[in-house]
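Examination of the molecular architecture
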Amino acid sequence: QVQLVESGGGLVQAGGSLRLSCAASGRTFSNYYMGWFRQAPGKGREFVATIRWDGAGTSYQDSVKGRFTISRDNAKNTVYLQMNSLKPEDTAVYYCAARLGLTVVAGLVDYWGQGTQVTVSS
């Protein structure tokens, strides 16, 4: 069992920045691919970014490329999402996700966090 706890969400003006954190506990964190998803009101959960177990590979949704950066610190059992140049359309609940040994994709996640709200005002 892996427990994921997100933090760092909040209210920010358009053009601003936030850094989300996801602290993991339980099984060996470094064995897991990690990812971030988001869900806006009235919409489905969508992929944002993912990072390989060793941090050597990352992938992003096209709409966040160049603005968001995913990273991890295996010594701290934590994955981060640095979000810059935020837009109102980035407003959503952001969820941390973990998958053992394989890249994180929607529908193939082993563990979810509880989510953290990000609101971007125009």
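Report follows, based on the coordinates. (Residues numbered from 1 in each chain as written. Predicted model: local features only at pLDDT ≥ 70, side-chain atom pairs only at ≥ 80, totals over all residues. Heavy atoms only, no water.)

Notes on the overall build of the protein
Looking only at helices and strands, the protein has zero helices and eleven strands in total. Counting from the amino terminus, helix and strand elements in the protein follow one another as β-β-β-β-β-β-β-β-β-β-β. Computed over its C-alpha atoms, the radius of gyration of the protein comes to 13 Å, within 12% of the 14 Å expected for a compact globule of 122 residues. A principal-axis box enclosing the C-alpha atoms of the protein has dimensions of 40 × 25 × 25 Å. Here the protein, with 122 residues, has 43% of them falling under the buried criterion. (Helix = DSSP H or I, 4+ residues; strand = E, 2+ residues; numbered from the N terminus. Rg over C-alpha atoms; globule rule 2.2 N^0.38 Å. Buried < 20%, exposed > 50% of the residue type's maximum accessible area, 1.4 Å probe, protein only.)

A closer look at the state of the cysteines
One pass over the full model with this rule turns up one disulfide. Here Cys 22 pairs with Cys 96 through a disulfide, and the sulfurs are 2.1 Å apart. In this structure, the disulfide formed by Cys 22 and Cys 96 twists by about -80 degrees around the S-S bond and is classed as left-handed. Of this pair, Cys 22 sits in strand E3 (residues 18-26) while Cys 96 sits in strand E9 (residues 92-100); the two residues are 74 residues apart in sequence, bridging distant segments of the chain. (Disulfide = S-S within 2.5 Å.)

Some words on the pairing of strand E4 (residues 32-39)
Of all eight residues that make up E4, seven are buried, and the element is covered over most of its length. Taken together, the eight bridges between E4 and E9 define a ladder with antiparallel strand orientation. For Phe 37, the partnering residue across the bridge sits in E9 and is Tyr 95. With five bridges joining them, E4 and strand E5 (residues 46-51) adopt antiparallel strand pairing. Its bridge partner lying in E5, Gly 35 is registered against Thr 50. Joining the antiparallel neighbours E4 and E5 is a turn of six residues, in which Gly 42 adopts a positive phi near 75 degrees. (Pairing = 2+ DSSP bridges.)

Re the environment of Ser 25
Here Ser 25 lies in strand E3. When sequence neighbours within four positions are dropped, the list of residues in contact with Ser 25 reads Gln 1, Val 2 and Gln 3. (Contact = heavy atoms within 4.5 Å.)

Details of the environment of Lys 87
With respect to the secondary-structure elements, Lys 87 resides in the loop between strand E8 (78-83) and E9. When the C-alpha positions of Lys 87 and Gly 10 are compared, they lie 14 Å apart, and in sequence the two are 77 residues distant. With residues near it in sequence (within four places) discarded, Lys 87 still touches Arg 67 and Val 120.

A word on the pairing of E8
Counting buried positions over the six residues of E8 gives five, a clear majority of the element. With six bridges connecting them, E3 and E8 associate as antiparallel partners. Bridge pairing in E8 links Ser 21 to Tyr 80. Count of turn residues in the strand E7 (residues 68-73)/E8 antiparallel hairpin: four residues, of which Asn 77 carries a positive phi of about 55 degrees.

Let's talk about unusual backbone geometry
The phi torsion at Asn 77 lies on the positive side, around 55 degrees, for a residue other than glycine. Relative to the elements of secondary structure, Asn 77 occurs in the loop between E7 and E8. Under the relative-accessibility criterion, Asn 77 is labelled partly exposed at 28%. With a phi close to 50 degrees, Ser 85 is a non-glycine residue in the positive phi region. Tracing the backbone shows Ser 85 in the loop between E8 and E9.

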